[in-house]
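The residues making up each chain are set out below.
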Amino acid sequence: MGRTMAQKIIEAHLMDGTMASGGEVGLRIDQTLTQDATGTMAYLEFEGMGIPRVKTELSVAYIDHNTLQNGFMNADDHAYIRTVAKKSGVHYARPGCGICHQVHLERFAVPGKTLIGSDSHTPTAGGIGMLAMGSGGLDVAVAMGGGAYYIPYPKATRITLTGTLPAFVTAKDIILEVLRILSVKGGVGKIIEYAGPGAAALTVPQRATICNMGAELGATTSLFPADDATRAFLAAQGREADFTPLAPDADAVYDEEITIDLATLQPLAACPHSPDAIAPVAELGNIQVDQVCIGSCTNSSLADMMAVAAILKGKTVAPTVSLTISPGSRQVLQMLSENGALADILASGARLLECACGPCIGMGQSPPSGGISLRTFNRNFEGRSGTADAGVYLISPETAAASALTGHITDPRSLAAIPAFVQPESFAVNDNMVDAPAGETEAPTIQVVRGPNIKPLPLAKPLADSLTLPALLKVGDNITTDHIMPAGAKILPYRSNIPHLSQYCFEGVDPEFPARAKASAEGGFIIGGQNYGQGSSREHAALVPLYLGVRAVIVKSFARIHKANLVNAGILPLTFQNPADADGINEGDTLTLSGILAGLGAGPLTLTNERTGQKFSPVCDISPRQAAILQAGGMMNYVREQQNA
Ligand code: MIC
Ligand code: SF4
């Protein structure tokens, strides 16, 4: 039987498991990346595993999230990451290099290879034909040490793109259309492959935009073929030698097929507060805009910025709008400054931010109270911007620039034509801000710098067979990891300080939760709905609940990365067999969970509501390997046990 692109890469990297649905496959990982909001923890975990040097072909530590530095915390964490990277064999991309996914695409991603990153948008590199997945820091630490990365064997979805994009309709609108079709949980357990003449006509950065927001579908990852466009992009980056072709076999079998005629698309927007709340821009009516933010790992390529510059050229941003621009990398910024487009952007009144995540993760630029913000980003979860009652719309750079000029949400098709962007034959390549690690002889002499913000990791209690504990919190569907462990300028600097972070757990959902959890001596359970833990890969959304005493999370369904993070932390991820069972539990009820050890991965456990006497049979749908991790009390303990054996 023919193979899909993902199946080819999986087969070439298979270390463990069989390629059949229902099971788990363990993959050899060629490259890893970390960013600074999750990286500190990942390197602490790597150090904790006692492996002196990384065993990957390439590992890169980026500094892009925590760049506000309002206090010593971020700079201390950067010094830690810089020194631990140098010692451990990891390349260090200094602050100012750009957003990890954009820089990795430009400088390091290789078709046909595997990449995991401690960031959910790592699939961006799927645009170049790389099998790139987001994971928690513990999984990155294991992969850096040469261990396999495990995923549930994915289902295959093919999205065939036909036709040609109309003017001012973009790659962003394609992925927003896919989100409209599939929703924020429609990609869970799937790898999405793009095909057809419409896919072939897209450049690598356009493909990367689409793969980037595949994370919002919950997909394991997304992939484009590696073809002539891929070779041209790599050649322009001075990396043609990294090219290998990738295409599915003609008789490859897909579990699901979707076709989108690009000619029928129009500019779209994801409306507040979910990336799948899609509406055509033309139908939104006259919505006044307070802020427009252009950038993020979704839309910060040279092509995106050139389109924005062309639209802004010779015009002035509307008086009521604050327009911010964050180019995705120093390469993009340098080329914009050399070709004059930056002058057009600045002359329009745009506010230039550094090449980093910035407003996307709430690090500055929070909109005004009740404000409307248009962003070319990938997530518009309630409160993520830093303003609890702001409404964020996700749109293309073209829609963003058009709206910044008029002051209201504007269909860019109303604009005069702009010059077509032609990808340069060579990008401005300069890797002088990516520091190579020390060699094997120098490495042991390097002192790792540890600031006072770095606190020890919480470790799980040994697994009991039965637990009688309160339901500490009950939540609804689509709870994001931003709900569980918010980010933003106030909290993000404490990503290496779990005790401090714990005060903010579920802050926007129920500010009393941390105190309630701490008051329960033996801890308790969380009850949730569908797609629990969607969004960010932050393992803090598991480590902080662990610190607060959460022993099991019992929900209708999980997002992939968060479920893996719960197991790695040592928290039981349980699923109700009948979603309506969640209705039989109220917050505060005392619950007895029994048959835990026998139930790990094999048949139901028993959950008794001591208030009503009702019994439920949730399942722990995990692999034997994950059952062993839970039995060991989480991944750190499991790795140590394995090393001792
Ligand atoms: C995000 O976009 O939510 C982040 C911040 O990049 C996260 C990682 C994190 O929480 O540090 C992600 O997407 O995984
Ligand atoms: Fe950074 Fe935003 Fe991309 Fe996350 S989604 S990596 S915060 S730019």
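For the structure, check the block above.
So, a few notes on the structure that sits alongside this text.

**Re the overall build of the chain**
Secondary structure assignment for the chain yields 21 helices and 27 strands. Expected size for 645 residues packed as a compact globule is a radius of gyration near 26 Å; at 24 Å, the chain falls within 12% of this value. Scored against the burial criterion, the 645 residues of the chain give a buried share of 63%. For the chain, the proportion of contacts with a sequence separation of at least 24, taken over those separated by at least 6, is 76%. As displayed, the chain has an accessible area near 21500 Å², and 52% of this comes from carbon and sulfur atoms. The centroid of the 45 positive side-chain charges in the chain is displaced by 3 Å from the centroid of its 59 negative side-chain charges.

**With respect to the site of ligand 1**
Taken together, 14 residues lie near ligand 1, and His65, Asp119, Ser120, Ser537 and Arg538 sit nearest. At 2.9 Å, a side-chain N or O of Ser536 approaches an oxygen atom of ligand 1. Between an oxygen atom of ligand 1 and a main-chain N or O atom of Ser537, the distance comes to 2.7 Å. If ligand 1 stood free it would expose 330 Å²; the protein chains cover 97% of that surface. Split by residue class, the shell around ligand 1 holds 2 nonpolar, 7 polar and 5 charged.

**Quick look at helix H20 (residues 624-632)**
Where H20 is concerned, the buried positions are Arg625, Gln626, Ala627, Ile629, Leu630 and Ala632. Buried residues belonging to H20 abut strand E2 (24-27), strand E8 (149-152), helix H18 (560-569), strand E24 (572-575) and helix H21 (635-644). Once H20 ends, the next one or two residues include Gly633, with phi positive near 90 degrees.

**A look at the side chain of Ser326**
Within the element layout of this structure, Ser326 appears in the loop between strand E16 (322-325) and helix H11 (330-339). The contact partners of Ser326, leaving out residues within four places of it in the chain, are Ile294, Gly295, Ser296, Ser300, Met305, Leu353, Glu354, Ala356 and Pro359.

**Let's talk about the sheet that holds strand E21 (residues 467-474)**
In spatial order, the strands read E24-E23-E22-E21-E25-E26-E27; together these 7 strands make up an open sheet with mixed pairing. The strands lining the two open edges of the sheet, one partner per strand, are E24 and strand E27 (615-616). Taken together, the 4 bridges between E21 and strand E25 (residues 590-594) define a ladder with antiparallel strand orientation. Each bridged residue has a counterpart across the sheet, and for Leu467 the counterpart in E25 is Leu593.

**Looking at the packing of helix H17 (residues 540-547) against H18**
At a minimum axis distance of 8 Å, the contact between H17 and H18 shows a crossing angle of 40 degrees. Taken together, H17 and H18 sit at an angle that is classed as oblique. For the element pair H17 and H18, the recorded crossing hand is right-handed. Seen from H17, the contacting residues are Ala541, Ala542, Leu543 and Leu546; seen from H18, they are His562, Asn565, Leu566 and Ala569. Among the residues making up the contact of H17 with H18, the classes are represented as 6 nonpolar, 2 polar and no charged.

**Some details on helix H3 (residues 72-88)**
With 17 residues, H3 should reach 24 Å at 1.5 Å per residue; the first-to-last C-alpha distance of 24 Å fits that figure. Looking one or two residues past H3, Gly89 carries a phi angle of roughly 95 degrees, positive in sign.

**Focus on the environment of Phe427**
Positionally, Phe427 belongs in the loop between helix H13 (397-406) and strand E20 (434-435). With relative accessibility at 10%, the residue Phe427 sits in the buried group. Separated by 95 residues in sequence, Phe427 and Val332 place their C-alpha atoms 8.5 Å apart. In this view, Phe427 contacts Phe233, Ala236, Gln237, Leu302, Gln331 and Met335; residues no more than four positions away in its chain are not counted.

**A word on the state of the cysteines**
A covalent bond bridging the sulfur atoms of two cysteines is what the word disulfide describes. Across all of its chains, the model carries 0 disulfides by this definition. Cys293 takes part in no disulfide bond, and the closest cysteine sulfur, belonging to Cys360, lies 9.5 Å away. Residue Cys293 is classed as buried on the basis of its relative accessible area of 0%.

**Regarding unusual backbone geometry**
In this structure, the amide linkage connecting Pro272 to the following residue, His273, adopts the cis form with an omega of 0 degrees. If you trace the backbone, His273 turns up in the loop between strand E13 (268-270) and strand E14 (278-280). With a phi angle near 60 degrees, Gln365 is a residue other than glycine that sits in the positive phi range. Mapped onto the elements of the fold, Gln365 is located in the loop between strand E17 (351-352) and strand E18 (372-375). One non-glycine residue, Phe506, lies in the positive phi region at around 60 degrees. Assignment of secondary structure puts Phe506 in the loop between helix H15 (498-501) and helix H16 (513-519).

**Points about the pairing of E25**
Strand residues, when the strand is regular, have side chains that alternate between the two faces of the sheet. In terms of strand pairing, E25 meets strand E26 (residues 606-609) through 4 bridges, oriented antiparallel. In the sheet register, Leu593 faces E26, and the bridge partner there is Leu607.

**Things to note about the nonpolar core**
With 166 residues, the main nonpolar core has Phe506, Phe513, Tyr532 and Leu572 as its most contacted residues. Excluding residues that lie within four positions of it along the chain, Phe513 makes contacts with Leu472, Leu473, Cys505, Phe506, Ile526, Leu548 and Val550. Core analysis: the second largest hydrophobic core is formed by 33 residues, Ala171, Met213, Leu268 and Phe377 among them.

**Here's the deal with the packing of helix H5 (residues 137-144) against H21**
Contact geometry of H5 with H21 gives a least axis separation of 11 Å together with a crossing angle of 20 degrees. Comparing the axis directions of H5 and H21 gives the class roughly parallel. Within the contact between the two elements, H5 uses Leu138, Asp139 and Val142 and H21 uses Met635, Met636 and Val639. Looking at the contact of H5 with H21 residue by residue, the class counts come to 5 nonpolar, no polar and 1 charged.

**Quick word on the sheet that holds strand E4 (residues 58-62)**
The sheet built from 6 strands is open, its strands ordered E7-E6-E3-E4-E5-E20 with mixed pairing. If you trace the sheet from one side to the other, it starts and ends with strand E7 (131-134) and E20, each paired once. By the bridge criterion, 3 bridges tie strand E3 (residues 31-34) to strand E6 (residues 114-117) in an arrangement that is parallel. Paired with Leu33 across the two strands is Gly117, which belongs to E6. The strands touched by helix H4 (residues 100-107) within the sheet are E3, E4 and E6, with E4 carrying the most contacts at an inclination of about 145 degrees.

**What to know about the environment of Gly187**
With respect to the helices, strands and loops of the structure, Gly187 is situated in the loop between helix H6 (171-182) and strand E10 (190-195). Gly187 sits 457 residues away from Asn644 along the chain, and the two C-alpha atoms are 39 Å apart. Apart from the residues lying within four places of it in its own chain, the contact partners of Gly187 are Leu217, Gly218, Ala219 and Thr220.

Parameters at a glance
Residues numbered from 1 in each chain as written. Chains lettered and ligands numbered in written order. Predicted model: local features only at pLDDT ≥ 70, side-chain atom pairs only at ≥ 80, totals over all residues. Heavy atoms only, no water. Helix = DSSP H or I, 4+ residues; strand = E, 2+ residues; numbered from the N terminus. Rg over C-alpha atoms; globule rule 2.2 N^0.38 Å. Buried < 20%, exposed > 50% of the residue type's maximum accessible area, 1.4 Å probe, protein only. Contact = heavy atoms within 4.5 Å. Areas by Shrake-Rupley, 256 points an atom, 1.4 Å probe, with all protein chains shown as cover. Lys, Arg positive; Asp, Glu negative; His and termini not counted. Charge placed at Lys NZ, Arg CZ, Asp CG, Glu CD. Near = heavy atom within 4 Å. Polar contact = N/O pair within 3.5 Å; in protein donor to acceptor, adjacent residues only side chain to side chain. Nonpolar A, V, L, I, M, F, W, Y, C, P; charged D, E, K, R; others polar. Pairing = 2+ DSSP bridges. Axes fitted to C-alpha atoms, helices over the stretch in contact; angles between N-to-C directions. Parallel < 35°, antiparallel > 145°, perpendicular 65-115°, else oblique. Left-handed = near helix turned anticlockwise from the far one by under 90°. Expected span 1.5 Å × (residues − 1). Disulfide = S-S within 2.5 Å. Core = buried A, V, L, I, M, F, W, Y, C linked by side-chain atoms within 4.5 Å.

Treat this as a map of the structure, not an account of what it does.
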